[in-house]
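Observations on chain architecture
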Amino acid sequence: MSKMLVAVGPYRQSQPSCFDHMKMGFVMGCAVGMAAGALFRTFSCLRIRMRGQELVGGIGKTMTQSGGTFGTFMAIGMGIEANHGSGCSLHFLLNPSPYDIIKQIL
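Bear in mind that the values here come from a model prediction, so they are computed numbers and not experimental data.

1. Some words on the overall build of the protein chain
- For the protein chain, the helix and strand inventory stands at 4 helices and 0 strands.
- Expressed as a percentage of the 106 residues in the protein chain, the buried residues total 23%.
- Sequence-distant contacts in the protein chain: of pairs separated by 6 or more residues, those separated by 24 or more amount to 67%.

As structure tokens, this is what we get:
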């Protein structure tokens, strides 16, 4: 049997780095959090009969808060998940040893 060849792009693309995984997790989490914040806050504001600038301001504030919060947690989760496959060096956050901490600092 012959081995299966892996295609390489014309510009020598490499696998995404750990930081790329974390950026992608933050963007995905931010999008989901903002959508959820807009949905929940819109119904909440309409139920108490907010209108105009008060409505838009309340929805925008909630979208920003929920997007940032969920994006942060998704970035952390993607960083930990990327550790298993792409050589990401976040394992010292879960199980720190003095050697790992000094190695990351230097």
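There is more to say after this.
2. What to know about a nonpolar patch on the surface
- Among the surface-exposed residues, L39, F40 and F43 lie close enough to one another that they form a single nonpolar patch of about 370 Å² accessible area.
- Structurally, the position occupied by F40 is in helix α1 (residues 18-47).

3. Things to note about the pattern of salt bridges
- Inspection of every chain in the model, using the stated rule, returns 1 salt bridge.
- Linking K23 and D20 is a salt bridge whose minimum nitrogen-to-oxygen distance equals 3.4 Å. With K23 and D20 both in helix α1, this residue pair falls 3 residues apart, about one helical turn.
- Residue classification places D20 among the partly exposed residues on the basis of a relative accessible area of 32%.

4. Concerning unusual backbone geometry
- One non-glycine residue, R49, lies in the positive phi region at around 65 degrees.
- Along the chain, the position of R49 falls in the loop between α1 and α2 (52-85).

5. Some words on the environment of M50
- Considering the arrangement of structural elements, one finds M50 in the loop between α1 and α2.
- For M50, a relative accessible area of 13% puts it in the buried group.
- Once you skip the residues sitting within four places of it in the chain, M50 turns out to touch R41, C45 and L55.

6. Focus: the environment of G60
- With respect to the helices and strands, the residue G60 is situated in helix α2.
- Separated by 23 residues in sequence, G60 and G37 place their C-alpha atoms 8.6 Å apart.

7. As for the confidence of the model for the protein chain
- For the protein chain, mean pLDDT is 79; residues scoring 70 or higher make up 64% of the total.
- Mean pLDDT in the protein chain bottoms out at helix α3 (residues 91-94), which sits at 57, and peaks at α1, which reaches 91.

8. As for the nonpolar core
- A38, C45, M50, L55 and I59 together form the largest nonpolar core, which totals 5 residues.
- When contributions to this core are tallied by element, the ones reaching two or more residues are α1 and α2.

9. Side note on the environment of S44
- Secondary-structure assignment places S44 in helix α1.
- Classification of S44 as partly exposed rests on a relative accessible area of 23%.
- In this structure, the C-alpha to C-alpha distance between S44 and G58, residues 14 residues apart in sequence, is 9.9 Å.

The rules we used
Throughout, residues of each chain are indexed from 1 in the direction in which the sequence is written. Thresholds applied to this predicted model are a pLDDT of at least 70 for local features of residues and 80 or more for the giving and counting of side-chain atom pairs; totals over whole chains, interfaces and linings are not thresholded and use all residues. No hydrogens and no water enter the side-chain calculation; it runs on all heavy atoms of the structure. The numbering of helices and of strands both runs from the N terminus, where a helix is a DSSP run of H or I of at least 4 residues and a strand a run of E of at least 2. A simple rule labels every residue: compare its accessible area, found with a 1.4 Å probe on the protein chains alone, to the largest value its type can have, and call it buried under 20%, exposed over 50%, or partly exposed in between. Throughout, a contact is declared for two residues whenever any of their heavy atoms are within 4.5 Å. Nonpolar side chains (Val, Leu, Ile, Met, Phe, Trp, Tyr) are joined into patches within 5 Å and like charges within 9 Å, using only residues with over 30% relative accessible area and no salt bridge. Only the protein chains shown count as cover for residues, and all accessible areas are computed by the Shrake-Rupley method using a 1.4 Å probe. The working definition used for a salt bridge is a side-chain nitrogen of Lys or Arg within 4 Å of a carboxyl oxygen of Asp or Glu. As a per-residue quantity, pLDDT reports the predictor's confidence and falls between 0 and 100. In this text, buried Ala, Val, Leu, Ile, Met, Phe, Trp, Tyr and Cys residues form a nonpolar core when linked through side-chain atoms within 4.5 Å.

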